[in-house]
Amino acid sequence: MSLQKRLLLSFLAVLLTVTVGIGVGAPTLIRNYLIETKQSDLQDQGKDLVRLIRDWQEEKINYFQFGRFINNMDHFLGARIWILDDKNRLILASEERTLPEEHPKAPLTVSQISSPKPSPLDQRNGLKNTSYFSPPEAIPLTNIPGGKELLSKIKSHSGQSWSEAHFHPYYEENMLIVGIPYTATRNNPGGTLILQAPIASIDHVIRSIYLYLGLTALLALFVALLLAQALTRTIAVPLQAMQISAAAMAKGDYSLRVRTKGPKEVQDLGDSLNSLA
């Protein structure tokens, strides 16, 4: 194998190792960090929501006020909010806001990447047909797409907070789902608060990183080819000339001289060979 091919393969091996290492490790670490940050934020905000659930149960605020509040929280958190009672029935769900078509949208927003979908309660009953002061009829969680998986998760953690990211059958997109139980009091039953945040924006960031890494790898490949060609001119070509001169000397022809250019080591070798002529 020629020196040029050896140099090129060496550069490609180093380039491939670095690209695979960064390409696999960096996006995974970034995605995990973003999801963990979102999860922590949802858990902190969920604790505040649990206190509001208590105020609603104790009739300190009415259904209309509480429903409007969780819709605002939906918009603030970028997460769909479901409230379950002690029988794991959906008793209140937020409605995702939509921006007017003429409204300028910021990049990487949930509304750009995912299409809004009515809450299960609105889809079944419609808030317009219910009283401002009383919630609509509760829906068993098992009657909602993806509800059986949520119910299994709730029962397996038995009163403990939990979270996971997976495809949500109802919203038809990947979501980070956080479950926060609220315990029963003397006059009010317990239940579970479910926060469901789309992670399409995070996946969009990761795809952008992969695209950037791919373009960088192509650029690095081009630079590696240039370096291999440059090293070939400064090392391989002079060595080939020295090989021809040495072969001529072996046949008794001492008239050939080599041009001593390139790295110092190559020049010293050429000078030594010329001194024999």
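Residues numbered from 1 in each chain as written. Predicted model: local features only at pLDDT ≥ 70, side-chain atom pairs only at ≥ 80, totals over all residues. Heavy atoms only, no water.

(A) Structural detail: the packing of aromatic side chains. A complete count under the given rule lists 4 aromatic pairs for this structure. Where Trp56 meets Phe66, the ring centres are 5.1 Å apart and the plane angle is 20 degrees; that geometry is what we call stacked. Of this pair, Trp56 sits in helix H1 (residues 3-57) while Phe66 sits in helix H2 (residues 63-77), and the two are 10 residues apart along the sequence. Since its relative accessible area comes to 12%, Trp56 is described here as buried. When the centroid spacing of 4.9 Å and the interplanar angle of 90 degrees are considered together, the rings of Tyr170 and Tyr171 count as edge-to-face. Exposure remark for Tyr171: the relative accessible area of 7% places this residue in the buried category. An aromatic cluster is present here, built from Trp82, Tyr170 and Tyr171 joined pairwise through their rings. (Phe/Tyr/Trp six-rings, centres within 6.5 Å; stacked < 30°, edge-to-face > 60°. Helix = DSSP H or I, 4+ residues; strand = E, 2+ residues; numbered from the N terminus. Buried < 20%, exposed > 50% of the residue type's maximum accessible area, 1.4 Å probe, protein only.)

(B) Molecular detail of the environment of Ser10. When you line up the elements, Ser10 lands in helix H1. Residues Ser10 and Ala228, spaced 218 residues apart in sequence, show a C-alpha to C-alpha distance of 9.3 Å.

(C) Spotlight on unusual backbone geometry. One non-glycine residue, Ser158, lies in the positive phi region at around 35 degrees. Following the sequence through the fold, Ser158 ends up in the loop between helix H5 (147-157) and strand E4 (162-168). Even without being a glycine, Glu172 presents a positive backbone phi close to 60 degrees. Examined against the element boundaries, Glu172 turns out to sit in the loop between E4 and strand E5 (173-182).

(D) Summary view of the nonpolar core. Judged by nonpolar contacts, the single largest core of 26 residues is most densely connected at Leu42, Ile81, Ile83, Leu193 and Leu195. Taken together, the elements giving at least two residues each to this core come down to H1, H2, strand E1 (80-84), strand E2 (89-93), E5 and strand E6 (191-198). Among the elements that line this core, the one with the most residues is H1, at 6 residues. The residues contacting Leu42, other than those within four sequence positions of it, are Leu77, Ala79, Leu176, Val178, Ile180, Leu195 and Ala197. Of all hydrophobic cores here, the second largest spans 16 residues; its members include Ala93, Ile139, Ile144 and Met175. (Core = buried A, V, L, I, M, F, W, Y, C linked by side-chain atoms within 4.5 Å. Contact = heavy atoms within 4.5 Å.)

(E) Representation of the pattern of salt bridges. Taken as a whole and judged by the stated rule, the model has 7 salt bridges. Residue Arg51 pairs with Asp48 through a salt bridge whose shortest N-O separation is 2.1 Å. Of the two residues, Arg51 and Asp48 both sit in helix H1, 3 residues apart, roughly one turn of that helix. Relative accessible area serves as the criterion here: at 34%, Asp48 is assigned to the partly exposed category. (Salt bridge = Lys/Arg side-chain N within 4 Å of Asp/Glu carboxyl O.)

(F) Here's a closer look at H5. Along H5, the positions that sit buried rather than exposed are Gly147, Leu150, Leu151 and Ile154. The arc that holds the buried residues of H5, viewed along the axis, is 100 degrees, so those residues lie on one side. For H5, the exposed residues set more than 90 degrees away from the buried face come down to Lys148 and Ser156. Check the buried side of H5 and you find it contacts E1, E4, E5 and E6. Looking one or two residues beyond H5, the residue adopting positive phi is Ser158, at roughly 35 degrees. (Arc of directions from axis to C-beta.)

(G) Seen up close, the sheet that holds strand E3 (residues 139-140). Strand order across the open sheet formed by 6 strands is E3-E2-E1-E6-E5-E4, with antiparallel pairing between neighbours. The outermost strands of the open sheet, each flanked by one partner alone, are E3 and E4. Relative to E3, E2 is paired through 2 bridges, and the arrangement is antiparallel. When the bridges of E3 are listed, Leu90 appears paired with Ile139. On the sheet, H5 packs against E1, E4, E5 and E6 and is oriented at approximately 165 degrees with respect to E4. (Pairing = 2+ DSSP bridges. Axes fitted to C-alpha atoms, helices over the stretch in contact; angles between N-to-C directions.)

(H) Local environment of the confidence of the model for the chain. Mean pLDDT over the chain works out to 77, with 82% of the residues at or above the 70 mark. Considering only residues more than four positions removed or in separate chains, one finds that residues 98-115, a stretch of pLDDT under 50, has 18 contacts. Every residue in residues 124-133 is under pLDDT 50, and counting partners more than four places away or in other chains gives 17 contacts. (pLDDT = per-residue confidence, 0-100.)

(I) Just helix H6 (residues 200-250), in detail. Compared with an ideal rise of 1.5 Å per residue, which puts 51 residues at 75 Å, H6 spans 72 Å between its outermost C-alpha atoms and is within 8% of the ideal. Trailing H6 by a residue or two, Gly252 shows a phi angle of about 95 degrees, which is positive. (Expected span 1.5 Å × (residues − 1).)

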